[in-house]
Structure formats: C-alpha cells, structure tokens
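Chain and residue survey
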Amino acid sequence: MLTDQHLIDLECLSLSKSFGNFIAVKDLSFKVPIGSFFSILGPSGCGKTTLLRMLAGFETPDSGDILIKEKSVLQVPPNHRPVNMVFQHLALFPNMSVSENIAYGLKRRKMSPTDIEPRVQQMLDRIDLPDSGNKQISQLSGGQKQRIAIARCLVLEPALLLLDEPLGALDLKLREQMKIELKRMQAQFGTTFIYITHDQSEALVMSDQVAVMNEGVFEQIASPQELYHNPATAFVAAFVGDSNKFLGTICKTEQQGCEIKTKLGVIKAKNNSLDVGEPVSIFVRPEAISIDLSFPQTAEHLQAHNHTESKANHFKAIIENVLFDGARSQLIAKHPLLDTPLNIAYPHATADIPFSPGQEIDISWNAEDTLLFSASGALNAA
Amino acid sequence: MKKLIGKGLLVATAAILLTTSSIASAETLRLLTWGGYAPQGVITAFKKETGIDVQVTKSNNEGMISKLRATRGAGFDLVQPSQDRIASAQADFDIYKPIDLSKIDSSQIIKSMFEATKANTSYNGHVYGVPHVWGTSGLVVNRKLAPKIMDYTDLCSAEVAGKVSYRLKRPTLIGFAYAMGEDPFAAYNDTVKYQAILDKVQAKLIDCKANVKAYWSGGDALMNLIRSKEVVAAMAWDAGGWKLNNEDPDVTFIAPKSGALGWIDTFAIPRKSKAEDAAYKWINFVMRPEIAAQITAAAGNFTAASNGDEFVTAKLKGQFQESFPTADIDNIKWYPPVPAGLEELEGKTLDRIKAAQ
Amino acid sequence: MQPDKNKLALFLLLTPLLVWLLLLIVIPHLDMMLISLQERVAAREYRTSFSNYIEFFSEPLYINTFIRTAVMSILATLLTLLIAFPVSYYIAKMMKGQSKQILFLLCLIPFWVSELVRTYGWMILLRESGVISSLLQSLSLVNGPIEMLYNDVAIMVGLIYGSMLFMIVPLVTTLDSLDDSLIEAGYDLGGSHWNVLREVIIPHATPGITSGCIVVFMLSLGNYLTPVLLGGKDSLWFTEQIYTQFITRFNWEQGAALGMLLLLLSSLIVWLGLKLSGQSFRKVMS
C-alpha cells in the first residue's frame, strides 16, 4: 500500500469552489498517478479552469484539500508550489529573450549564472531549438513559442505541469503536430501533465487518463479507449466522440439484453439493468454502423458483407450527402421517421463501390454497440 | 515658457479684439487703470452725460507698461501709470502720446501738483502725464500686537519675527534706504552711489528675510494676512491701512519715522489711442470735485482735484490726519522720475534678495 | 489627374494644422529667439549680441535658479510616479467594470477647476490660520498655530497634486494592456512580488512611465502659479524669473533668452533621461 501511495503525484480531496451563486467545482476528489498524462475534458464553463487555477494557487478552494507529493499545498503561495503552468496564450515575457524566459525561474531560485546557462542550453537542446536562445519571442513561430513555454516550466523540474488549453490558439495542422509533440515531451521528461481542454481529440490522443468534467464534477475518469467504448454517462457518450442519438423507452427485457422502442423502430441492446417503461437515450457510434448495399450485388460482395445478416439492428436509409475527408470520411443518411440525419463512417473496405446522394442503403449494428443510458438523470447531450 | 508665450498671445489677441470692437462702436473709452479709480457710479454718470461707454481693465504700473509695450501703445485709450514711471518708459518704448494741455481744464487741478507732474513726465519737451490720485506708502501696523514698529527697519526686529510682510519691489528698496539713513532719490543719477545704497539695502533685506512671512504681491492677499493676524506689520499703501482700520481699530496706517513715500498716479494717453477726445472728456469729468470725492471714497486715496476733499467723508479725513501729523506731511518723499537703466540695477538686487537662503 | 487630386485634398486637410503650427508655435518661437539676441544699448537702441545668454551663464542666480527648478521638478516627477504607480495598478488591475471607470473619473475631478483654484485650496489647508493647523490645535496635538505654507515641501505637494493625473492616465492605459496571465506566470515560475514588479510589470509599463514622466517633468518645470503661491518668499522658480523679466522689468530680451534656454535645457534633460533609462522617444510615442 505504501508504494502505491508513493505513486500518486496529485490528490484532491472534496475540493469545492463557488463564485457567488455559481458553483464552479463541486466536492471533487481524485488522484493522479506519477508520470501520467492526465487530461480534464469538458465544455467551457464546466469548472476545469477554476480547478487548474486552484492547483496552481491562483484561486483558493472554499473547502477540501490539495495534496502534491502527499503534502497539502493550500497554505503555499503560487510562487512556492512545486507546480508550473503553461498558460492559454503562453504568457511568454515579451521583453526577454528566449534564454531569459527559460532562465527566469532558475534565477528566482538564486542559482548562479554559471549554473543557469548550461541548464538553459540543455533545455533548448532537448526541445530541438538549440540556436534560439538569443532570439526575441516575437521572432518565434507558434509551435516554437509553445515549446519554449513548456521548456520554461520543465527546466524547474516541477512535480506537476499544468497546461491550460495551450493549443487553442494554433491552426489545425500545427495543432495536430503539437499533440504528438506534447505527448512525446511528456514521455521524454516523465513529468506529470495535467492538461485541460474542451477538445476531445486533444484529450483522447495524448492522455493516459481523461477526466470528463461537467458542471463542476467529474462524470468519468478513464483511459481514452474506455471512455470512448464504455462511457459511464450519457454526457460522456455525447461529448466524447461522434455518435447518433435516439430517444426511446424500454419495451422488453430479457437475459441477453433489452429492446427499446424508438421513432426508428425497435432497437436491441445488450444492457439489461433497466426496467421496462424507463425512458432512455441511445448512442450509436458512426463506425459501429455497417452498410449493406441495396442494389444487385455480385457474389463476392455478398460474401464479403454477409456478416451483416447476423447483426441485431437492421434499418434502411437514404444517403443524403457524402462528406469525403480522407480517413475521416462520413456518409450522412436520412431515415423517413427521423428528424435528424444519421452519421455513418465511410466504409473504406468497399472503396470500390461509389456512393451517391439519393441511394438507398441497408444499415445495421450489433446489440453490444447500442450504448444505453437512463434518460431520467437526463444529461442532455448534443 | 509656453505659458509666457500663451500670455503674450493672449495680450496680442485681446488687443486685436479690443481694436476691432472699438471700430464697431467708436464711442467707447478703454481705460487701463488701478482698482477703485473708476467706480461704477462714476462710469454710469459719465455715460449719462456724454454717451460714452467706459471699459475698465485693472492693472498696476508694470502691467500697464508691459501691455502697452506688447502692442506698441495700442489696445487702450487712456492709462494711469505713476508719474515717476512715465518718462523712462516713453524713452525706452515710445508708448505714449503727448498730452494736449489746452484740452485739460487746469482750473480743476491743484496747481502745485499739476506743475510737479508736468515737470516729472516731460520727455523731449512734451508733457505725458496729468495727475489724478495721490497717496503714500508706509507701514500698516496692528498697534496692539506690534506697538513698537515705527520705521521700515523695525520690521526686522525680533519681536515681530515671522509676522511681517512687504513687497519685493522697488518701493521697499527705497523705503529701507531712507530708514537706513540714505537718500536714494538724491543718488538717482549717480549709478555708482545708487548701487552702493542698493548693496547696503540688499544686505539688510537678506538679513531680514527670516522675519518675513511672505512677500506680498496683491493688495487683497496682504489684507487677508493682516485680518487673520498672521501678519502684524507690513509695508503697504495708506488706503489699504485705512480700509483695514474701518474693520479693526487696532490696525492702521502709520507714516514711518524716516518718511512716507509719496506717489501720484496720472493720466497718460497711449500712442495708438483711438478715442482721444473721450479720454480728455473723462479726465475733465473725474476732476470735478464731487466726482473726485466719489473716487476718493472708492479708492481710499485723495485726488489732485482742487476742492476735492470738501466732499470727502469726515472719517477718511480723520484717518488721514491721524496718520499724518503736519510734520509727517512735510516729510513725505515724493518719487522723482526714474532714470532709464536704474530699474535693471534694482531688479538684480531684488533677485539676489529673493535667491538668498 | 487622380494623384494630383489626392495631393490637393491632403494639402487642404493639412493646411489648418500647418497654419496653426506656424502661427502658434513656430513664429512665436522664432520671434522670441530674435528678441533674445538683442541687447539694449541706449533708449530705443538695440544691437544683436549674445549678451543675454552670456548673462545667464555668468550670473549664478539664474543658473542656481534653473538647477533648483530642474532638481525639484525631477524630484516631483519621481514622487508623482511613486504615488501614481500603485494607484494606477489598483485601477487597472484590481478594479473591474464600472468601479474602474468611477475611480478613473474620481482622479479627473480635481481637474475640473482651474489650477489657480486648486492652488488656493492648498493655501487654505496649509496656512497658519488654515484648516490643518486649526485641526491639529483643536486636537491638542500642537500648541499654537503652525505654518505649513511657503516652503519647498508645500511646493512639492502642489506640484505632485497638480500633475498626478498626467501620470495616472498613461500608466493606467499601459497597465490595462498588460495580460494578467503574464503577471500570474511571473508568480507561477517562482517570482516574488518584487520580481514580478521588476521583471514583468515595469518592463511592460515602461512606455507609460516614460511618457508620464516627460509630461509631469515638463509641467513642473513650466509651472508658475504653484511655486509662486505655495513657495512664497523662497519659491525661486525659473519661470518666475522669466515672468519677472518680461512683466516687471520690461526686459524682454533677457526674458526671451531665459525662455529659449529653458526650452533647450529642459529638452536636454529629457533627452538625457531617455538615454539613461535606455528609452528612445520613438519607442515612447509608439
């Protein structure tokens, strides 16, 4: 048990914070293991920034405790916490050169200039900007600024590095690159990262653990895979990843699962913890839906797709639009009984078959791909 | 410096505005004078009789000369500098026009004063001034709080330390010189001798500086200081002393032992006067005994009008007699005309006194 | 055709400004300079010479007065900065929304009355029979009236009070533009209050500090009423010398020379100040 405890870098105990009547963080408790990339994912206004600012020391919790390396830091001012922060707009000091920015924290520790210089250079080498020391901040590109902002913190070897949506200001392409780079830096330095974002892709790509936050509480803390495939709540299911949502009522339960009555018809699910008559929300991932083409098919095609016959849920739909986006291409299909169109992952395996709007298709998915949540604890999802 | 330029421009603009307005209504007399010399009652009576409006601008000797210098003698139709300051200003800046003595009703003016002023304000054979109001400067003393003050130099005595005030201007230099036994007016044309007197006075005034509460610059400020008893003895004009005496019998004007300094304010006509006739009309009007008495009542000083004091209140006459027993009247030192260049020497002396710590 | 038209339009637009500059700034200064180069030989007789300038450098009174004025102005500038900085920081960074505007407005209110009235206000407070003296007496803190007027401290108080706004406005503007996260980053990386002030806030506020200091210095140096009224017998202010030369001595030549010297020497001091603090005028104005 002792060794287990030692592996925790950050622990929050019943942390709460309100601003007037607005409760930003509500009785929150969690642990972050050492050396992990921990993301807090949530929409704006969910309290994630307040949580981060409490960790950094810029806000004081109303109640609860924050332990870093098993020591309460509530009485420690921001400039003495073993925690550093990468700000949303990076907050690099514009009046200092790159080296001076990195050396700022070391100087505050009263290190001699002869000790500071090699450490700054070493840090610049590690972030692949060995010759940028004398540059002014305004001479750097967005990605380089990002790296300097992180280096400025990591040179202090903090217990925790807090990142406040630092990729928000970057353009898409750079953001994709930086996701990978951040992940790499975290692995390289081994520092615990606490990363807050409203962008699920950032959280899923980089994190070891993701906490989905909504209205001041964590809905679920899990690995990205777990979060995606086994969302604990309707909010998580809706917020993480794309999905098709239906509303319905349980009409039949049995050993293997249940049946739900929806506008679309009866949908089968594996879940059997709910009672008949209970209103539910159903989520189906676009890639869980497979397509069975409705025009005359060759024998090979039939053979390739015959497994669709075994799927539990089976409907017809009409293609409304084809959104070609390489690996992330989608089909938008309509069902006459549904108000909103369905998102279906483009079946790349059948890339030789052309899809076009107006075409009728058969769609199907397995009962275990039907994600089912009681609607009574209604968390409305997008 | 910006401020000074601003002032110069203001003066210039004001002059332009005034010039243009005088074209619009020719019958306006622009009078540059001292406070109290043109009371509203007199202006109204003058307007009633002649139809001429009088626009009054209040100033002092230096202000009058500066304004006229800035405009080379334009902007005003009639000014009232002291008689001793006219000839030198005319010599240096050519800002006045000779007085046409035929237009002055000399029968209304005390003859001796008229003759003395004519002599003192002459330049190149022309007369530039007609006497109007005269008075003296001496000491205004709170007799209860400072009973021992008899002469200018007494202002430097320890018992009134921190409670005296005087101006840092030429009358102070001259007053102190007389009190120290010198005769500065006699040395007016002997620069070396005059400088020696100034040096002596300078030393005295620097010594005396610690005694001074403030060098006053405006009559109202001084009267406030005396009313609040922050100042118990000051060098000032007789009229101010009498005015304060009306409010507080302890305070009054006294003629210093070494003699009060007598001044005469005159009428002079600026070189570019646009209402010369109106100016002469005004001079003759205010010299009438009953009008002169009104001015005496307002200014607190007597005028050069013959029989003017017949109409003056008994109280003012009493105050005058109390301040000036006959011997003191004979002891009044009348300012002779200031030779050109003398004021520069005095200015430096004053600067040094001001700068001394 | 078109470029010509544009040129004409530009010319027409600039004309009032140019006329204004020429009439109110260039011509009076040139006139002043010409007057300053005149020397009175005899009545109505002048010749061109540098005697008025030589007079400044040979008469210790003028130089001492100028040095005193400059030193007091610099001191007033520094004290104003010292007082205005926390006030501005409070307005710009601690206050939000409406309370910020109200505080800002409060700083402005004293400037709705003229300088003369404000100075008289101080005289009423500080004089021997004034408010503060009476208050201290009635509280039995002192026996007998005390005089707080007519000394250098009174001049300093008046100058600082009179120029406070001109320091606060540029400071609030620059501090307002400082991103809060830069301050937080300064603390987050281990900086103390002093570190953050020195390394983050002051470097950012430098343009505001410099422009505020230049304005306050020039205002103090060129002030006339405050030193004369509050300083009394020992005021000894350089503008007072100029005023005296012009108005009571009729010595325009000397006054103009002193005026030109004030312009030159004060520009020199500002230039030196910029050099010493590593600023350039262009940086401050941008």
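What you see is a predicted model; the values in this text were computed from it and never measured. Per chain, residue numbering runs from 1 following the sequence as it is written. All chains are assigned letters beginning at A, and all ligands numbers beginning at 1, according to the order in which they are written. With pLDDT at 70 or above as the cut-off, local features in this predicted model cover only qualifying residues; side-chain atom pairs require 80 or more to be listed or tallied, and sums for whole chains, interfaces and linings still use all residues. The side-chain quantities take in all heavy atoms of the structure and omit both hydrogens and water.

Moving on: the sheet that holds strand S6 (residues 83-86) of chain A. All names here are of chain A. At least two DSSP bridges between two strands are required for those strands to pair. Helical segments are the DSSP runs of H or I of at least four residues, strand segments are the runs of E of at least two, and each set is numbered from the N terminus. Spatial ordering of the open sheet is given by S6-S7-S8-S3-S9-S10, a layout of six strands whose pairing is mixed. Two strands bound the open sheet, and with one partner strand each, they are S6 and strand S10 (217-222). Averaged over neighbouring strand pairs, the angle between their axes works out to 20 degrees when direction is ignored. With five bridges connecting them, strand S9 (residues 209-214) and S10 associate as antiparallel partners. Counted as the bridge partner of Val210 is Ala222 from S10. The convention used is that axes are lines fitted to C-alpha atoms, helices contributing only their stretch in contact, and that angles between N-to-C directions extend from 0 to 180 degrees.

The next thing to look at is the interface of chain A and chain C. The partner chain C presents 16 residues to the 21 residues of chain A that form the contact. Contact between chain A and chain C buries roughly 1,600 Å² in total, counting both sides, with carbon and sulfur atoms accounting for 58%. Salt bridges are defined by distance alone: a side-chain nitrogen of Lys or Arg within 4 Å of a carboxyl oxygen of Asp or Glu. Our count for the contact surface shared by chain A and chain C stands at two salt bridges. The definition of a polar contact used here is a pair of N or O atoms within 3.5 Å, where within protein one atom must be able to donate a hydrogen and the other to accept one, and adjacent residues in sequence count solely through side-chain atom pairs. At the junction of chain A with chain C, the criterion picks out seven residue pairs in polar contact (both at pLDDT 80 or more). Counting only elements with at least two residues in the side of chain A that touches chain C, the list comes to helix H2 (48-56), S6, helix H3 (98-108) and helix H5 (142-154) of chain A. Classifying every residue of the side of chain A that touches chain C gives 14 nonpolar, four polar and three charged. Whether two residues are in contact is decided by their heavy atoms, any of which lying within 4.5 Å being enough. Accessible area, probed at 1.4 Å, shrinks when two parts are joined; the buried area is that loss added up over both. Three classes are used: nonpolar for Ala, Val, Leu, Ile, Met, Phe, Trp, Tyr, Cys and Pro, charged for Asp, Glu, Lys and Arg, and polar for all others, with Gly counted as polar.

On to the sheet that holds strand S20 (residues 371-374) of chain A, then. Residues and elements named next belong to chain A. The antiparallel open sheet is built from five strands, whose spatial order is S13-S12-S11-S14-S20. At either end of the open sheet lies a strand with only one pairing partner, and these are strand S13 (265-269) and S20. Between one strand axis and the next, the sheet turns by 40 degrees as a mean value, whatever way the strands run. Looking at chain direction, strand S11 (residues 244-253) and strand S12 (residues 258-262) are connected through five bridges and run antiparallel. Paired with Lys252 across the bridge in S12 is Glu259.

Here the focus is the arrangement of the chains. Contacts are most numerous between chains B and C, taken over all two pairs of chains that touch. Contact between chain A and chain B is absent, and the minimum C-alpha spacing across the pair is 37 Å.

Here we come to the pattern of salt bridges. Pairing is possible between side chains that carry opposite charge, provided their charged atoms lie close to one another. Residues and elements named next belong to chain A. By the definition in use, this model includes 46 salt bridges over all chains. Measuring nitrogen to oxygen at the nearest pair gives 3.1 Å for the salt bridge that ties Lys179 to Glu176. Separated by three residues within a single helix, Lys179 and Glu176 lie in helix H6 (residues 172-189), roughly one turn from each other. Relative accessible area decides the class of each residue, using a 1.4 Å probe on protein chains only: under 20% of the type maximum gives buried, over 50% gives exposed, and in between gives partly exposed. Overall, the relative accessible area of 2% leaves Lys179 in the buried class.

Before going further, it helps to examine the packing of aromatic side chains. Residues and elements named next belong to chain B. In this scheme Phe, Tyr and Trp rings, the latter by its six-membered ring, pair at centre separations within 6.5 Å, and the angle between planes marks the pair as stacked below 30 degrees, edge-to-face above 60, and tilted otherwise. Counting across every chain of the model gives 42 aromatic pairs over all chains. Considering the side-chain rings of Tyr178 and Phe185, the 5.4 Å spacing of their centres and the 75 degrees angle between planes classify their relative orientation as edge-to-face. Like Tyr178, the residue Phe185 is buried in the burial classification. Here the aromatic residues Trp134, Trp242, Phe253, Phe302, Phe320, Phe324 and Trp334 are joined through ring pairs into a cluster of three or more. Lysine and arginine charges are scored as sitting over a ring when NZ or CZ, respectively, is within 6 Å of the ring centre and within 35 degrees of the ring normal. When the ring centre of Phe114 is taken as reference, the NZ or CZ atom of Lys118 above it lies at 4.7 Å.

Another point: the interface of chain B and chain C. Opposite the 43 residues of chain B that make contact, chain C presents 44 residues. Scanning the region where chain B abuts chain C turns up nine salt bridges. With a closest N to O distance of 3.3 Å, Arg249 of chain C and Asp351 of chain B form a salt bridge. Linking chain B with chain C are 16 residue pairs in polar contact (both at pLDDT 80 or more).

All names here are of chain B. Each assigned domain of chain B is listed with its residue range as follows: domain 1 (2-134 + 262-327) and domain 2 (136-261 + 337-355). Where each domain begins and ends is defined by an automated method or by a domain database. Placing a centre on the C-alpha atoms of domain 1 and another on those of domain 2 gives a separation of 26 Å. Contact residues are listed per partner, giving 18 residues for domain 1 and 22 residues for domain 2. Note on domain 1 versus domain 2: buried area summed over both sides is about 1,800 Å², and carbon and sulfur give 50% of it.

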